[in-house]
Amino acid sequence: MEDAEILDLYWERDVRAIHETQSCYGRYCHSIAFNILRNREDSEECVNDTWMRAWSCIPPSRPCRLAIFLGTITRNLSLDLLKRKRAAKRGSGEMELALDELVECVPTAYSMEDAVETAELSRMIDRFLHTLPEKECNVFLRRYWYVEEYAQIARRYNMKLNTVKTSLFRTRAKLKAYLEQEGIVI
Amino acid sequence: MSAVMHEELQEKAFRLMEALSGVDEELLARSEEDGHSADHRREHRRRVFMWRYGKYLAACFVFLVLGVSAYSVSRLSLDVGKKQNSTGNAGGAADYSLMENYELPGNNGAAQLSPEEALSSMESEEENVTADTTENEAEAPAISPEEGAQRENTSDGAHTSNSAIDKSIEAAMDTALTLEAARDLSVVGEYIPKTLPEGYRFFNGVLLREQEGGGYDIQLFFRNDGDTDASDIVLRITDCCAAKKTEGNASVQEQIDLIWPERRGERTFVTAEDLTAEIFRTSDTVAIIYDSGVVVQYTGEGTPEEIYEMFLTVP
């Protein structure tokens, strides 16, 4: 079923919208959640919450890209859940590795008092990503948006594993320099 | 690095991770396309193929062209030689030299022509060409460079206007509608209920599409926030006149099938005359067919009585 038809179902408040969304985007959302949480049950919980969130957002929303819209919801829910779980117990897996790597991007000078709003930070990162070459940007997003493994990214873009690692290393360094240059404090 | 410090840094990294949620959808969509590398692979394979075999292909092509040319020239000289021998014309050589420069339409034709005939044929063809040109010029009056430029601009303009139309169509699709704007739309505007069940208010509206025959297809969304849970009424009002015009004597059901071919049979159809409150009790989605060819599809959560009363305010 096409996105427009699924959106029509949401707008008609037809519960089949959820079934159709699940059949079209279930695996996609599940993979996003699983990459972050590394737990099947938690991932399923996030994906189910995604459908409910989508149900309450559409209408009045009518997203242009349903996949990205749902993926973003899943990602945010997964991050929230992970945050809750991390508070109780330190996590593991790809997400932890990805976080460890992102530590390199945190600007050196920081102050909790001058904490930057997430929206502003998001805007800066978005602007930064637009300055990157397409492939570099894609690799960065696959790693830190979708939390994919290096090998997966290498396969996806037909690159060598080391090239992926080098590309990410350079992008992280660039991001750090960019954030520091822009005076971003986290 | 102490564990506490590391954890603090990880918290910050987590914020970066969260901030990434707001990146441009375009970038995310682009990263989804793994066909990009496939394109590169295809391009690479094409280049390798061209590098390996391109020279052979080019050589074959050159030989082919040379072969065909040599064959044509030899046939031509043979034919002309024969004619020369048979006529014993001293001027034949001069004419032949002209023939060499003359590109004949085909070998068969060449075999039938004497040099004189060929010359006269050349002349007559030239005349034909001139006549054709004149004809063409007569058909297409002489255009000055300025006019030409202007025409080019005009043709560009036509192109631009076409794409502008496309864009305006795109813009018209799924355009947000206010209740007032919806009421102002021809035909469908008249089928918006005058009163709503108590507690409901207009929430959102969308112009879904404009039918080929000019009728509109709109969707209106009404909401009752309620004390605890919100309940909604969605009306889709479609002017099926376009289908009616196209299909001549098609039944209303067939007309509707033309508009919603993908989900036929999943709603209760009822004519406006047969509408009762009971119908809303048995079906969540009811399509009411009016004589004018307009179909109002109701989906929602109101009580059957109040929905029925709402439809009584539709003319």
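Located above this text is the structure these notes cover.
Let me begin by describing the structure that accompanies this report. (Residues numbered from 1 in each chain as written. Chains lettered and ligands numbered in written order. Predicted model: local features only at pLDDT ≥ 70, side-chain atom pairs only at ≥ 80, totals over all residues. Heavy atoms only, no water.)

### Quick notes on the overall build of chain A
On a plain count of helices and strands, chain A comes out with nine helices and zero strands. Listing each helix as α and each strand as β along chain A from the N terminus yields α-α-α-α-α-α-α-α-α. Taken across its 186 residues, chain A has 53% of its residues classed as buried. A sequence separation of at least 24 residues applies to 68% of the contacts in chain A between residues at least 6 apart. (Helix = DSSP H or I, 4+ residues; strand = E, 2+ residues; numbered from the N terminus. Buried < 20%, exposed > 50% of the residue type's maximum accessible area, 1.4 Å probe, protein only. Contact = heavy atoms within 4.5 Å.)

### Let's talk about the overall build of chain B
Scanning chain B from terminus to terminus reveals twelve helices and seven strands. Going through the 315 residues of chain B one by one, you find that 33% of them count as buried. Put simply, of all contacts in chain B between residues at least 6 apart along the chain, 49% involve residues at least 24 apart. Split by element, the accessible area of chain B, about 19100 Å² in all, is 54% carbon and sulfur. (Areas by Shrake-Rupley, 256 points an atom, 1.4 Å probe, with all protein chains shown as cover.)

### Here's the deal with helix H9 (residues 161-181) of chain A
Residue and element names in this part refer to chain A. Compared with an ideal rise of 1.5 Å per residue, which puts 21 residues at 30 Å, H9 spans 30 Å between its outermost C-alpha atoms and is within 8% of the ideal. Taken together, the buried positions of H9 are occupied by Val164, Ser167, Leu168, Thr171, Arg172, Leu175, Tyr178 and Leu179. All buried residues of H9 project into a common sector of 135° when viewed along the axis, lining one side. What points out from H9, more than 90 degrees from its buried face, is the exposed set Asn162, Phe169, Arg170 and Gln181. Backbone geometry just after H9 places Gly183 at a positive phi near 75°. (Expected span 1.5 Å × (residues − 1). Arc of directions from axis to C-beta.)

### Examining the environment of Glu94(A)
All names here are of chain A. Along the chain, Glu94 falls in helix H5 (residues 94-102). Judged by its relative accessible area of 13%, Glu94 is buried. The residues touching Glu94, leaving out its near neighbours within four places in the chain, are Asn35, Arg38, Arg143, Val147 and Glu149.

### Details of the packing of aromatic side chains
Here the structure, examined in full by the defined rule, presents twelve aromatic pairs over all chains. For the pair Tyr28(A) and Tyr146(A), a centre-to-centre distance of 6.4 Å together with 65° between the ring planes defines the contact as edge-to-face. Here the residue Tyr28(A) occupies a position in helix H2 (residues 16-37), and Tyr146(A) occupies one in the loop between helix H7 (134-144) and helix H8 (150-156), the gap between them amounting to 118 residues. Using a relative accessible area of 2% as the deciding quantity, one classes Tyr146(A) as buried. Here Arg143(A) stacks its cationic end above the ring of Tyr150(A), 4.5 Å away from the centre of that ring. Of note, Arg223(B) hangs over the ring of Phe203(B), and the distance from its end group to the ring centre comes to 4.6 Å. (Phe/Tyr/Trp six-rings, centres within 6.5 Å; stacked < 30°, edge-to-face > 60°. Lys NZ or Arg CZ within 6 Å of the ring centre and 35° of its normal.)

### A short note on the pattern of salt bridges
Scanning the entire structure with this criterion turns up eleven salt bridges over all chains. With its nearest N and O atoms 2.8 Å apart, the salt bridge here joins Glu136(A) to Lys174(A). Taken as a pair, Glu136(A) in helix H7 and Lys174(A) in helix H9 lie far apart in primary sequence, 38 residues in all. According to the relative accessible area criterion, Glu136(A) is buried, its value standing at 14%. Across the pair Arg142(A) and Glu32(B) runs a salt bridge whose closest N-O atoms are separated by 3.0 Å. In this pair, Arg142(A) sits in helix H7 while Glu32(B) sits in helix H2 (residues 25-32), so the two residues belong to two different chains. Using a relative accessible area of 2% as the deciding quantity, one classes Arg142(A) as buried. (Salt bridge = Lys/Arg side-chain N within 4 Å of Asp/Glu carboxyl O.)

### Details of H2(B)
Of all the residues in H2(B), the buried ones are Leu27(B), Leu28(B), Ala29(B) and Ser31(B). Two to three positions downstream of the cap, the backbone nitrogen of Glu26(B) sits 3.1 Å from a side-chain oxygen, assigning the N-cap of H2(B) to Asp24(B). (Polar contact = N/O pair within 3.5 Å; in protein donor to acceptor, adjacent residues only side chain to side chain.)

### Regarding the interface of chain B and chain A
With 46 residues of chain B in contact, the opposing surface of chain A contributes 58 residues. Where chain B abuts chain A, roughly 5200 Å² becomes buried across the two surfaces, and 57% of that area is made up of carbon and sulfur atoms. Counting across the interface, chain B meets chain A through three salt bridges. Close ionic contact of Glu26(B) with Arg65(A) constitutes a salt bridge, the shortest N to O distance being 3.1 Å. Elements supplying a minimum of two residues to the side of chain B that touches chain A: helix H1 (3-19), H2, helix H3 (35-87), strand S2 (201-210), strand S3 (216-224), strand S4 (231-239) and strand S7 (294-300) of chain B. Here the side of chain B that touches chain A is composed, by residue class, of 16 nonpolar, eleven polar and 19 charged. (Buried area = accessible area lost by both parts, 1.4 Å probe. Nonpolar A, V, L, I, M, F, W, Y, C, P; charged D, E, K, R; others polar.)

### Digging into the pairing of strand S6 (residues 285-289) of chain B
All names here are of chain B. Most of S6 sits inside the fold, with five of its five residues counted as buried. One ladder, built from four bridges, connects strand S5 (residues 268-271) with S6; its direction is parallel. Within the sheet, the bridge partner assigned to Thr268 lies in S6 and is Val286. Of the pairings in the sheet, the one linking S6 to S7 comprises five bridges and is antiparallel in character. Looking at the pairing, Ala287 lines up with Gln297 of S7. Turn length for the S6-S7 hairpin, with the two strands adjacent in sequence and antiparallel, is four residues, and the turn residue Gly293 shows positive phi of about 95°. (Pairing = 2+ DSSP bridges.)

### Considering the pairing of S7(B)
All names here are of chain B. Counting buried residues along S7, seven of its seven residues qualify, which places the element largely inside the surrounding structure. Burial along S7 is two-sided: the face carrying Val294, Val296, Tyr298 and Gly300 and the face carrying Val295, Gln297 and Thr299 are both buried. When S4 meets S7, the two strands line up antiparallel, connected through seven bridges. Directly across from Thr238, in S7, lies its bridge partner Val295.

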